[in-house]
Amino acid sequence: MIKVISCFWNASRYIEKCITSIKSQIFSDYKVFLVDDVSTDNTVEIIKSLIDGDDRFILIKNTEKKFKLRNMDELIRDMNLFEN
């Protein structure tokens, strides 16, 4: 299984293309962790509508700004992404 981490902030202009591109891949054994870094636009609403019912996608909404590196570090550690 491939695990993908996508961290974003105010990505409403681009997030649909990102998710659509991932979903259109032939390979389907993946898990995508979408980490919202306290967006102030409608990014989270767009994501929710695009991933509804698709358990390969996990939306994580921060309650404080963490920036890309800290988001990735915490996710990898907390979810043990490198373990089988």
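If you're wondering where the values come from, they're calculated on a predicted model, not measured in any experiment. (Residues numbered from 1 in each chain as written. Predicted model: local features only at pLDDT ≥ 70, side-chain atom pairs only at ≥ 80, totals over all residues. Heavy atoms only, no water.)

Colleague: Looking at this model, I keep getting lost on the pattern of salt bridges. Mind explaining?
Modeller: It is possible for side chains of opposite charge to pair when their charged atoms get near one another. Across all of its chains, the model carries 1 salt bridge by this definition. For Asp54, the salt bridge is made with Arg56, and the minimal N-O distance between the two is 2.7 Å. (Salt bridge = Lys/Arg side-chain N within 4 Å of Asp/Glu carboxyl O.)

Colleague: Please clarify how the nonpolar core should be interpreted in this entry.
Modeller: Side chains of a nonpolar character, in soluble globular proteins, are inclined to be buried together. In this structure, Ile15, Ile19, Leu34, Ile47 and Phe57 are the most contacted members of the largest nonpolar core, which totals 13 residues. Secondary structure elements with two or more residues in this core: helix H1 (15–23), strand E2 (30–36) and helix H2 (43–51). Ranked by the residues each element gives to this core, the list is headed by H2, at 4 residues. Among residues more than four places away in sequence, those in contact with Leu34 are Ser6, Phe8, Ile19, Ile47, Ile51, Phe57, Ile58, Leu59 and Ile60. (Core = buried A, V, L, I, M, F, W, Y, C linked by side-chain atoms within 4.5 Å. Buried < 20%, exposed > 50% of the residue type's maximum accessible area, 1.4 Å probe, protein only. Helix = DSSP H or I, 4+ residues; strand = E, 2+ residues; numbered from the N terminus. Contact = heavy atoms within 4.5 Å.)

Colleague: It is not clear to me how the pairing of strand E1 (residues 2–8) should be interpreted in this structure. Could you clarify?
Modeller: The two faces of the sheet receive side chains in turn, since in a regular strand these alternate between them. Two strands pair when backbone bridges link them, and E1 and E2 are joined in this way by 7 bridges, in the parallel orientation. Residue pairing across strands places Ile5 opposite Phe33, the latter belonging to E2. Taken together, E1, H1 and E2 constitute a β-α-β crossover, and its handedness is right-handed. (Pairing = 2+ DSSP bridges. Right-handed = clockwise from strand over helix to strand, strands pointing away.)

Colleague: Is there a simple way to think about the environment of Ser12 in this case?
Modeller: With respect to the helices and strands, Ser12 occurs in the loop between E1 and H1. Owing to a relative accessible area of 25%, Ser12 belongs among the partly exposed residues under this scheme. Distance from Ser12 to Ile46, taken between C-alpha atoms, is 7.1 Å for residues 34 residues apart in sequence. If we ignore the near neighbours within four places in the chain, the residues touching Ser12 are Asp41, Asn42, Thr43 and Ile46.

Colleague: Looking at this structure, I do not really get the side chain of Ser39. What am I missing?
Modeller: Checked against the element boundaries, Ser39 lands in the loop between E2 and H2. Only 2.7 Å separates the side chain of Ser39 from the backbone nitrogen of Asn10, close enough to count as a polar contact. A distance of 2.4 Å separates a polar atom in the side chain of Ser39 from a polar atom in the side chain of Asp36. If we skip the residues at most four places from it in the chain, Ser39 touches Phe8, Trp9 and Asn10. (Polar contact = N/O pair within 3.5 Å; in protein donor to acceptor, adjacent residues only side chain to side chain.)

Geometric descriptors of this kind do not, in isolation, establish any biological role.
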